[in-house]
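Working through the structure, step by step
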Amino acid sequence: MTLRAVLWDLDGTLTDSVRFVVDTANRVIEAHGGPPLPFESVGAMTGLPLEDIFRIAWPDLTADLAQSYRSEYREIYDREIIPATKLFEGARETLAAFHDAGLLQATVTGKRAADCERILRGLGIASEIDVCLGGDSVSRPKPAPDLAQHAMERLRCEATDCVVIGDANADIAMGKAAGAHTIQVLWGFARERIEGADHVVATWSELRETVFALASRAHPILCRGGALGS
């Protein structure tokens, strides 16, 4: 393995925000007479299109209603949730450590790229991220490999140069489908090992150790290739 780049999920991985996703979806669902969905049902779909979540409540949801509910969700999220989003303790130190070591970093979140970038800037970590991508950056969402592959193209890295870090099934499945190495974190949604995860870590220090161990196998001295922008 020739590790050069880290591809990050956002909700439940870098940011403590899975509960926000669930609660906001349920606010929209209940406002239209639907039953509130269990945390486990919505949390398991974090990173997937919002329409997929709403169709748990309404399997026959029309495209027009799906778009309307998605707009309502985003209005709430823009107004209330983005300003309240916080990093997990340990995330800032880890992003800086990877950046300083010369590893390229990208986001591969299901959120819109603009929302992701706004969150990163608000949290003061945008400078650590070389490429900011979201669910609207590609035509097929997770668990398809497209988002990870697009990040690889932007970073000019091969699949075997990259590791995808996430907390949910869709993250790990995307990484594996793209041919990348995968690391599951246990502080987000999934608290048991996800099938296909190459490594599972429970702490930020363990995550840093795992990534640096992978990187040092191929690059005893890492050399930064330069930020490529977002």
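Right, let's walk through the structure included here.

With respect to the pairing of strand β4 (residues 162–166)
- Of all 5 residues in β4, 5 are buried; the element is thus mostly enclosed.
- In β4, alternate side chains face the same way, and those of C162, V164 and G166 on one face and V163 and I165 on the other are all buried.
- Both strand β1 (residues 5–8) and β4 contribute to a ladder of 4 bridges, which runs parallel. Looking at β4, one finds that V6 is bridged to V163.
- Running through helix α8 (residues 169–178), the crossover from β4 to the neighbouring parallel element strand β5 (residues 181–185) is right-handed.

Observations concerning the packing of aromatic side chains
- Scanning the model with the defined rule gives 8 aromatic pairs in all.
- Between W187 and W204, the aromatic rings sit 4.4 Å apart at their centres with planes inclined by 25°, giving stacked as the arrangement. Placement of the pair is W187 in the loop between β5 and β6 (199–201) and W204 in helix α9 (residues 204–218), with a sequence separation of 17 residues. Both residues of the pair, W187 and W204, count as buried.
- Among the aromatic residues, those joined into a ring-pair cluster are W8, F98, W187, W204 and F212.

Digging into the pairing of β5
- Most of β5 is tucked away: 5 of the 5 residues are buried.
- The side-chain alternation of β5 yields two buried faces, one formed by H181, I183 and V185 and the other by T182 and Q184.
- Pairing analysis gives 4 bridges linking β4 to β5, with the strands arranged parallel. Bridging across to β5, G166 finds its partner in Q184.
- The pairing of β5 with β6 spans 3 bridges and is classified as parallel. In the strand pairing of β6, Q184 is matched with V200.

Details of the sheet that holds strand β2 (residues 104–108)
- A sheet is described by the order of its strands in space; here 6 strands give the open sequence β3-β2-β1-β4-β5-β6, paired in parallel fashion. Whereas interior strands pair on both sides, the edge strands pair on one side only; in this sheet they are β3 (131–133) and β6. Here the average twist between neighbouring strands, direction ignored, is 20°.
- Packing of helix α5 (residues 91–101) onto the sheet brings it into contact with β1 and β2, and relative to β1 it is tilted by some 155°.
- The strands touched by helix α6 (residues 113–123) are β2 and β3; relative to β3, the strand with the most contacts, the crossing angle is about 130°.

The rules behind these values
- Residues numbered from 1 in each chain as written.
- Predicted model: local features only at pLDDT ≥ 70, side-chain atom pairs only at ≥ 80, totals over all residues.
- Heavy atoms only, no water.
- Buried < 20%, exposed > 50% of the residue type's maximum accessible area, 1.4 Å probe, protein only.
- Helix = DSSP H or I, 4+ residues; strand = E, 2+ residues; numbered from the N terminus.
- Pairing = 2+ DSSP bridges.
- Right-handed = clockwise from strand over helix to strand, strands pointing away.
- Phe/Tyr/Trp six-rings, centres within 6.5 Å; stacked < 30°, edge-to-face > 60°.
- Axes fitted to C-alpha atoms, helices over the stretch in contact; angles between N-to-C directions.
- Contact = heavy atoms within 4.5 Å.

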